[in-house]
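This is what each chain is made of:
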Amino acid sequence: QVQLVESGGGLVEAGGSLRLSCAASGRTFSNNNMGWFRLAPGKEREFVASISWSASRINYADSVKGRFTISRDNAKNTVYLQMNSLKPEDTAVYYCAASPFRYPAPQPADFDSWGQGTRVTVSS
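None of the values given here were measured: they were computed from a predicted structure.

Here the focus is the packing of aromatic side chains. By the definition in use, this model includes 4 aromatic pairs. For the pair Phe-37 and Phe-47, a centre-to-centre distance of 5.7 Å together with 75 degrees between the ring planes defines the contact as edge-to-face. You can see Phe-37 sitting in strand β4 (residues 33-39) and its partner Phe-47 sitting in strand β5 (residues 46-51), a full 10 residues away along the chain. Comparing Phe-37 with Phe-47 shows no difference in burial state: the two are buried. Centre to centre, the rings of Phe-37 and Trp-114 are 5.0 Å apart; their planes meet at 55 degrees, and the pair counts as tilted. One end of the pair, Phe-37, is in strand β4; the other, Trp-114, is in strand β10 (residues 113-114), with 77 residues separating them in the sequence. Through successive ring pairs, a cluster of aromatic residues spans Phe-37, Phe-47, Phe-111 and Trp-114. The ring of Tyr-80 has Arg-19 lying over it, and the distance from NZ or CZ to the ring centre is 4.0 Å. Taking NZ or CZ as reference, Arg-45 lies 4.6 Å from the ring centre of Trp-114, over its face.

Right under this line is the structure:
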């Protein structure tokens, strides 16, 4: 497994921006597809974005397309989520996850390592 530690969450006004980071250790980071998920109160864990080991395949949930950008730096064992034009409905705990699969589906079951989460609160 991969050990993951998220950072960068916080409180921001609607329309603002945040950048989440996820530092990885353990299983070779560059071999893993990485993803971001979020969990809002009363909802199930939701896929946000994923990026392949080479960054050649990137996917986004429709709800964040055009506003969020996922990226990775394999030299720093870190994956990022740049979140712009934030909305109150983006409020959630955001989790970084790693997948051992070559083509993981955008669902939690395809990811076997998870961070502890970082809270993002967007005020209206």
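The subject of this paragraph is the pairing of strand β1 (residues 2-7). On β1, burial follows the alternation: Val-2, Leu-4 and Glu-6 on one face are buried, whereas Gln-3, Val-5 and Ser-7 on the facing-out side are not. Sheet topology note: the β1/strand β3 (residues 18-26) ladder contains 6 bridges and is antiparallel. Bridged to Gln-3 within β3 is Ser-25.

This part takes up the sheet that holds strand β8 (residues 78-83). Pairing is antiparallel across the open sheet formed by 4 strands, whose spatial order is β1-β3-β8-β7. Sheet topology places β1 and β7 (68-73) at the edges, where each strand pairs with a single neighbour. Strand-to-strand twist of the sheet, defined as the mean angle between neighbouring strand axes without regard to direction, takes the value 20 degrees. With 6 bridges joining them, β7 and β8 adopt antiparallel strand pairing. What sits directly across from Asp-73, in β8, is Thr-78.

Moving on, we come to the pattern of salt bridges. According to the stated counting rule, one finds 4 salt bridges in the structure shown. A salt bridge links Arg-38 to Glu-46, with the nearest nitrogen and oxygen atoms 2.8 Å apart. On the basis of relative accessibility, which here comes to 6%, the residue Arg-38 falls in the buried class. With relative accessibility at 31%, the residue Glu-46 sits in the partly exposed group. A salt bridge links Arg-67 to Asp-90; the shortest N-O distance between them is 2.7 Å. In this pair, Arg-67 is assigned in the loop between β6 (58-60) and β7 and Asp-90 in the loop between β8 and β9 (92-99), connecting sequence segments 23 residues apart. Each of Arg-38, Glu-46, Arg-67 and Asp-90 takes part in a single network of salt bridges with overlapping partners.

Calculation rules
Residues numbered from 1 in each chain as written. Predicted model: local features only at pLDDT ≥ 70, side-chain atom pairs only at ≥ 80, totals over all residues. Heavy atoms only, no water. Phe/Tyr/Trp six-rings, centres within 6.5 Å; stacked < 30°, edge-to-face > 60°. Helix = DSSP H or I, 4+ residues; strand = E, 2+ residues; numbered from the N terminus. Buried < 20%, exposed > 50% of the residue type's maximum accessible area, 1.4 Å probe, protein only. Lys NZ or Arg CZ within 6 Å of the ring centre and 35° of its normal. Pairing = 2+ DSSP bridges. Axes fitted to C-alpha atoms, helices over the stretch in contact; angles between N-to-C directions. Salt bridge = Lys/Arg side-chain N within 4 Å of Asp/Glu carboxyl O.

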